[in-house]
Amino acid sequence: MSRFVAQWFLLLITTSAMWAGPAQAATPDDEAAKAKDNITTIGNVRIGAEANSVAVQAGYAYLTGLRVEGEPAEFLIINVQNPETPYETARIHTDANKMFDVAVAGTVAYVTFGNYLHHDSGLDLFDISDPWHPNLLSSLALDSVDEVIAGDHLAYVSTDATTDVPGGLRIINTQDPLHPYVQAQVDVDDDVFDMKLSGDYIYLVGLTTGLHLINVAQPGAPYEEGVFLNDVMVTHVAVKGSVAYATASDHPDNFLIIVDVGTPSAPVEVSRTTLDIIPDDIAASGDHVYLADRYQGLTALDVSDPEAPVVDGFIYGGDEAYEVMTAGSLIYGADGWRGMYIFRDVNEAPLLNLMMYPIDPPVVLTPDNGMFGYNLRVENRSNTTITVDIAYEAIYPDHTRHAVLRENDLVIPAHSALEQRGRTQSVPDEAPPGDYTYVATVISHSGGAMSAEFPFQKAAPSLAKNAGPKDFALGSAFPNPFNPRTAIDFVLPTATVVDLRVFDLKGRRIRTLIQGQEMQAGTHDAVWDGRDDAGQAVAGGVYLLHLKTRDSSATRRITLVK
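Nothing here was measured: the structure is a model prediction, and the numbers come from that model.

Student: I tried to follow the packing of aromatic side chains on my own but got confused; where do I start?
Tutor: Centre-to-centre distance and the angle between the planes together describe a pair of aromatic rings. Scanning all chains against the criterion turns up 18 aromatic pairs. Taken together, a centroid distance of 5.2 Å and an interplanar angle of 80° make the contact between Phe-372 and Tyr-438 edge-to-face. Taken together, the residues span a long stretch of sequence, with Phe-372 in strand 31 (residues 371-380) and Tyr-438 in strand 35 (residues 434-444) at a distance of 66 residues. When the centroid spacing of 5.8 Å and the interplanar angle of 45° are considered together, the rings of Tyr-438 and Phe-454 count as tilted. With Tyr-438 in strand 35 and Phe-454 in strand 36 (residues 449-458), this pair connects stretches of sequence that are 16 residues apart. Under the relative-accessibility criterion, Tyr-438 is labelled buried at 2%. On the accessibility criterion, Phe-454 (5% relative accessible area) is buried.

This is the structure:
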């Protein structure tokens, strides 16, 4: 069942409870009365559309949004490497009226879409290898789609029951993302409210048939191993280890039911807690579960004692909380027209800790000394090995952010640290004088991010240095090494025709940045985004910049890091 129809159904069966008052929209006064200090807002990004689904991977959030009923839906990418200042990097307008759910694995995002009355629905696959330039890879037509989960070259899609097709699970083979196909299916003959993946099992919530435990250890031969049937209607589910946390409704009451799924063929209820909200989604992390209530924001329950869960946190989002997910120590919510919120539960200690500090503070660079040193340490406080990326940025005096370097796939064992001492960073001569901020963000592949920063200053060059005529020069590229783009400057003593090209070490032309262009005397710049002339991202490695004019030429090495 689509999320929008499901929400309408839940509201219908809880009408009397809503009129009585508990599920009415919260107000700022309600927030002050109910809020607890345990949940704090870290960041928020408005997208100019109604955010209804969110997925997070390696420092980026992926959203589905709808501007106005009847207008095309949108797929958006948000940079959350610094959770306090998330910002949009890309937006794709689609032909669909609705985009129901989004999931991400590797360099592919999976989005379920539909048009009104399900005349046209299916699964879109987007290439997100470059979060600034995503593109649609393929679309697969499927009847009455709703939820989607991303796996290893697989996508798990839920479908609702129709007169022609039984509802249930569809497993999509995406080994070739240009040609996805249905590999297997399990029918439950029911509409689907929610679906989550944990280990070898899909936990699928049927409208009238309860919680289905589907074994997908062999994706080509999935089967239903168990089912949790109850005296109430299960609506949403989250899973952590051998425990499933299910929300349920029994007019006019709503519940959190904790289920032991250690024996998948025979799930057992552990406890049941009455809720005063109508949950639209649920997520689990650490000792807490988080409930997105369409009208009252985000509620946290401490489930460290599964037989006696306790509400110990609340925060009012501001609009309609449709979906919630956790990544590391952070909580991400799709909150309707308020966009995406990022929260932190102070009870859940971050699994990562990042420290970065300059070697000889304060850092003040002169025109003759464009380099500083620093130390960096990343601690893994969890019980498992984690893999992280580290992204470095420089915030310029005009507050623009410039990517400097990205180190990928760094492995840190449990309860240990990655320590890098005596690192250096060069600052190009042409960088303007002023106050800068150097930022490092560690991004866990399992979700979550943390940033550290320190300021530095660059002094203005003396007038003597700028006096006199300028010689022909191919200046520095900044950053270098770089990922994904670098800025190149060059100086022309007189007006001339300019060619600027990128070659590989074998002398093959990769990209033409400037060709046969008449340019005036002075300093000029160009940008290379790591793509070839066909628009395809090139492999990491060393490349050659070659500048040529009527009278002179120069070459400089640059390094693309991936």
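Student: Just checking my understanding: could you explain empty space enclosed by the protein for this structure?
Tutor: Using a probe with the size of a water molecule, rolled over the atoms, empty space left in the structure can be pinpointed. Evaluated as defined, the whole model comprises four cavities of 30 Å³ or more. Contributing to the lining of the largest cavity are twelve residues, with Leu-298, Ala-321, Gly-333, Asp-335 and Phe-343 lying nearest its centre. Listing elements by their share of the lining of the largest cavity, those giving two or more residues are strand 24 (297-302), strand 26 (323-327), strand 27 (330-334) and strand 28 (340-345). Looking at the second largest cavity, the residues that line it are Phe-372, Ala-394, Tyr-396, Val-404, Gln-425, Ser-426, Val-427, Ala-431, Tyr-436, Tyr-438, Phe-456 and Phe-478.

Student: Help me out: how do you make sense of the sheet that holds strand 29 (residues 352-358) in this one?
Tutor: What holds strands together in a sheet is hydrogen bonding between their backbones, with the strands either parallel or antiparallel. The strand order across the open sheet formed by three strands is 29-31-34, and the pairing between neighbours is antiparallel. Among the strands making up the open sheet, the edge pair consists of strand 29 and strand 34 (416-426). Adjacent strand axes in the sheet meet at a mean angle of 15°, parallel and antiparallel pairs treated alike. Looking at chain direction, strand 29 and strand 31 are connected through seven bridges and run antiparallel. Its bridge partner being in strand 31, Leu-352 is matched across the sheet by Asn-380.

Student: Where do I start with the side chain of His-288 in this structure?
Tutor: Along the polypeptide, His-288 turns up in strand 23 (residues 288-293). Reaching out from His-288, the side chain makes a polar contact with the side chain of Asp-312 at a distance of 3.0 Å.

Student: Which parts of the structure should I look at to understand the pairing of strand 16 (residues 210-215)?
Tutor: Within a regular strand, side chains alternate between the sheet's two faces. Counting buried positions along strand 16 yields six of six residues, so the element is predominantly enclosed. Sheet topology note: the strand 15 (residues 201-206)/strand 16 ladder contains six bridges and is antiparallel. Within strand 16, the position partnered with Leu-204 by the bridge is His-212. Relative to strand 17 (residues 223-228), strand 16 runs antiparallel, the two sharing five bridges. Within strand 17, the position partnered with His-212 by the bridge is Val-227.

Student: Honestly, the pairing of strand 33 (residues 401-412) in this entry has me stumped. Any pointers?
Tutor: Sheet topology note: the strand 32 (residues 386-395)/strand 33 ladder contains nine bridges and is antiparallel. Residue pairing across strands places Ala-394 opposite His-402, the latter belonging to strand 33.

Student: Would you take a moment to explain the environment of Asp-504 for this structure?
Tutor: Locating Asp-504 in the fold gives a position in strand 39 (residues 496-504). A relative accessible area of 10% means that Asp-504 is categorised as buried. With 41 residues separating them along the chain, Asp-504 and Leu-545 place their C-alpha atoms 9.0 Å apart. Other than its neighbours up to four places away in sequence, Asp-504 contacts Ile-510, Tyr-543 and Leu-544. Of note is the side chain of Asp-504, whose polar atom sits 2.7 Å from the side chain of Arg-508.

Student: Would you take a moment to explain the nonpolar core for this structure?
Tutor: One broad rule of soluble globular proteins: the nonpolar side chains tend to lie buried together. With 30 residues, the main nonpolar core has Phe-372, Leu-376, Val-378, Tyr-392 and Tyr-438 as its most contacted residues. Those elements that place two or more of their residues in this core are strand 29, strand 30 (363-365), strand 31, strand 32, strand 33, strand 35 and strand 36. Looking at this core element by element, the count peaks at five residues for strand 32. Excluding residues within four positions of it along the chain, Leu-376 makes contact with Leu-354, Met-355, Met-356, Ile-390, Tyr-392, Leu-418, Glu-419, Gln-420 and Ala-440.

Thresholds applied
Residues numbered from 1 in each chain as written. Predicted model: local features only at pLDDT ≥ 70, side-chain atom pairs only at ≥ 80, totals over all residues. Heavy atoms only, no water. Phe/Tyr/Trp six-rings, centres within 6.5 Å; stacked < 30°, edge-to-face > 60°. Helix = DSSP H or I, 4+ residues; strand = E, 2+ residues; numbered from the N terminus. Buried < 20%, exposed > 50% of the residue type's maximum accessible area, 1.4 Å probe, protein only. 1 Å grid on protein atoms, 1.4 Å probe; cavity = no way out; pocket = protein on both sides within 12 Å on 5 of 7 lines; lining within 4 Å. Points joined across faces, edges and corners; volume = space filled by probe spheres on them. Pairing = 2+ DSSP bridges. Axes fitted to C-alpha atoms, helices over the stretch in contact; angles between N-to-C directions. Polar contact = N/O pair within 3.5 Å; in protein donor to acceptor, adjacent residues only side chain to side chain. Contact = heavy atoms within 4.5 Å. Core = buried A, V, L, I, M, F, W, Y, C linked by side-chain atoms within 4.5 Å.

Function cannot be inferred from these measures alone, as they are strictly geometric.
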